[in-house]
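Geometric and topological summary
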Amino acid sequence: LSIACRGSETLIDMHMLLFSTAALLSSGLLLSPARSPAAVAPRARAPTLSIAVFGASGGTGSEAVLQALERGEDVSCLVRDASKLKAPRTAAGFSEGSPFASDKLSVTTGSVTNKADVDAVFASGGVTGVVVALGGKTSDVGPTMLQDGTANIVAACKANGVKRISVVTTIGAGDSMDQAPWAFRLLMMTVMSSIMSDKNAQEAVITSAGADLEYCIVRPGGLKSDPPTGVVTAGKDQDAGAITRADVAAFCLDAVVEPDFQFLRQAVSISSNMGSGFKSVLADKTKSRMASK
């Protein structure tokens with residue numbers, strides 16, 4: 001602004017100059033050192049979890065291994081025969097029927113009924129969650145493998161400060177007999193009576209010795225080997241329905257990695273249903289990942 005003129009115009013111009021200067025000062029645009037842009041802190045990466053999988057060479061267990069690796073987690077597992085630990089389908093860079101090849105996977109060969117073998121899976125000290133998907137014919141693994149093996153796993157969890165554990169049993173176990181189809185009930189009381197006795201004892205281990213753990217007992221209905229759907233319903237009193245092993249594995253992993261998992265310290269029946277208005281209980285990121293398969 002010019003202040004070379006005289007009289008009232010000079011006074012007005014001086015007032016304007018003072019007003020403009022005050023405005024500039026108050027806004028920090030005058031006589032203020034140049035400000036460098038605020039430094040942007042790098043986004044913190046989520047900590048890598050370490051998932052132990054027991055029964056890893058089975059249909060559901062191998063899915064848990066594949067999906068945990070796909071999530072970027074470290075995985076340790078115990079298998080009777082390492083040659084049987086193979087990818088159940090082609091996904092995440094693994095080929096169906098081929099051995100898992102990953103530097104994030106640690107494999108221990110042994111028996112879940114041998115406490116030393118179970119303890120070896122926890123030897124790194126980094127396990128944060130456990131998926132138990134044990135199975136096999138009673139004639140091959142013995143009549144008490146499920147309860148004895150699960151007791152060893154629960155003891156190892158306690159000894160190593162691991163709180164989260166999901167355990168796959170079956171519909172009809174525990175207090176869920178009324179939720180099983182009538183034909184399945186007949187099988188459970190006849191040709192499946194021995195394995196059902198072991199599964200019931202397995203659940204009792206979790207609710208007694210493992211009562212202070214953050215457990216989820218998972219009771220699927222009929223298991224299928226179809227591709228994952230990302231759709232799972234779960235509840236204590238719901239009827240059993242068919243579900244893919246991939247979706248069971250996804251639910252089990254959510255149970256041990258999601259901070260706000262809603263079925264902790266519960267035994268729930270799970271199934272899949274693609275009907276209208278159906279809402280999956282899987283975590284949003286899990287549903288997105290599964291639906292893309």
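Up top is the structure these notes are about.
The structure reproduced in this document is the subject of the present report. Please read these numbers as outputs of a predicted model, since none were measured by experiment. (Residues numbered from 1 in each chain as written. Predicted model: local features only at pLDDT ≥ 70, side-chain atom pairs only at ≥ 80, totals over all residues. Heavy atoms only, no water.)

1. Considering the packing of helix α2 (residues 59-70) against helix α8 (residues 245-257)
To be explicit about the condition: Think of each axis as a best-fit line through the C-alpha atoms, taken over the contacting stretch in the case of a helix, with angles from 0 to 180 degrees between the N-to-C directions. Helix and strand definitions follow DSSP, with helices as H or I runs of at least four residues and strands as E runs of at least two, each counted in order from the N terminus. Throughout, the term roughly parallel applies to angles under 35 degrees, roughly antiparallel to angles over 145, roughly perpendicular to angles from 65 to 115, and oblique to all others. Take the far helix as your reference; a near helix turned counterclockwise from it by less than a right angle gives a left-handed crossing, and one turned clockwise gives a right-handed crossing. It only takes one pair of heavy atoms within 4.5 Å for two residues to be counted as in contact. For this classification, the nonpolar set comprises Ala, Val, Leu, Ile, Met, Phe, Trp, Tyr, Cys and Pro, the charged set comprises Asp, Glu, Lys and Arg, and every other residue, Gly included, is treated as polar.
Two numbers describe how α2 lies on α8: the axes approach to 8 Å, and their chain directions differ by 60 degrees. Regarding the angle of α2 to α8, the classification is oblique. Seen from above, α2 lies across α8 with right-handed handedness. The segment α2 lies against α8, with Gly 59, Thr 60, Glu 63, Ala 64, Gln 67 and Ala 68 engaging Arg 245, Ala 246, Val 248, Ala 249, Ala 250 and Leu 253. When its residues are assigned to classes, the contact of α2 with α8 shows 7 nonpolar, 3 polar and 2 charged.

2. Section: the layout of surface pockets
In plain terms, the rule: Put simply, the grid is 1 Å and covers the protein atoms alone, a cavity is a trapped set of points that fit a 1.4 Å probe, a pocket is an open set with protein on both sides within 12 Å along at least five of seven lines, and lining residues have an atom within 4 Å of a point. Grid points are joined across faces, edges and corners, and a volume is the space filled by probe spheres set on the points.
Estimated volume of the largest pocket: approximately 740 Å³. Lining the largest pocket we find 35 residues, and of these Gly 58, Ala 133, Leu 134, Gly 135 and Gly 136 sit closest to its centre. Sorting the residues of the lining of the largest pocket by element identifies α2, β2 (74-79), α5 (145-159) and α7 (193-208) as the ones contributing at least two each. At 3 residues, the largest contribution of residues to the lining of the largest pocket is made by α2. Along the lines of polarity and charge, the residues of the lining of the largest pocket split into 15 nonpolar, 14 polar and 6 charged.

3. A short note on the sheet that holds strand β3 (residues 105-109)
Condition: The pairing criterion is simple: DSSP has to find at least two bridges between the two strands.
On the basis of which strands lie adjacent, the open sheet formed by 8 strands has the order β3-β2-β1-β4-β5-β6-β10-β8 and mixed pairing. The open sheet has two free edges, formed respectively by β3 and β8 (233-235), since each of these has just one partner strand. Geometrically, the sheet is characterised by an average inter-axis angle of 20 degrees between neighbouring strands, direction not taken into account. Bridge analysis of strand β6 (residues 214-220) against strand β10 (residues 266-271) gives 5 bridges, and the strand direction is parallel.

4. Points about the side chain of Ser 271
Condition: Burial classification: accessible surface area is computed with a 1.4 Å probe over protein chains only, and a residue below 20% of its type maximum counts as buried, one above 50% as exposed, and the rest as partly exposed.
Note that Ser 271 resides in strand β10. Using a relative accessible area of 6% as the deciding quantity, one classes Ser 271 as buried. Apart from residues no more than four positions distant in its own chain, Ser 271 is found in contact with Val 231, Val 232, Thr 233, Gln 238, Asp 239, Gly 241, Ala 242 and Ile 243.

5. As for the packing of α5 against α7
It is at 7 Å that the axes of α5 and α7 come closest, and there the two elements cross at 20 degrees. Here α5 is positioned roughly parallel relative to α7, judged by the angle of their axes. Crossing hand, α5 versus α7: right-handed. Judged by residue contacts, Met 145, Leu 146, Gln 147, Thr 150, Ala 151 and Val 154 of α5 engage Ile 195, Asp 198, Lys 199, Ala 201, Gln 202, Val 205 and Ile 206 from α7. Across the contact of α5 with α7, the residue classes break down as 8 nonpolar, 3 polar and 2 charged.

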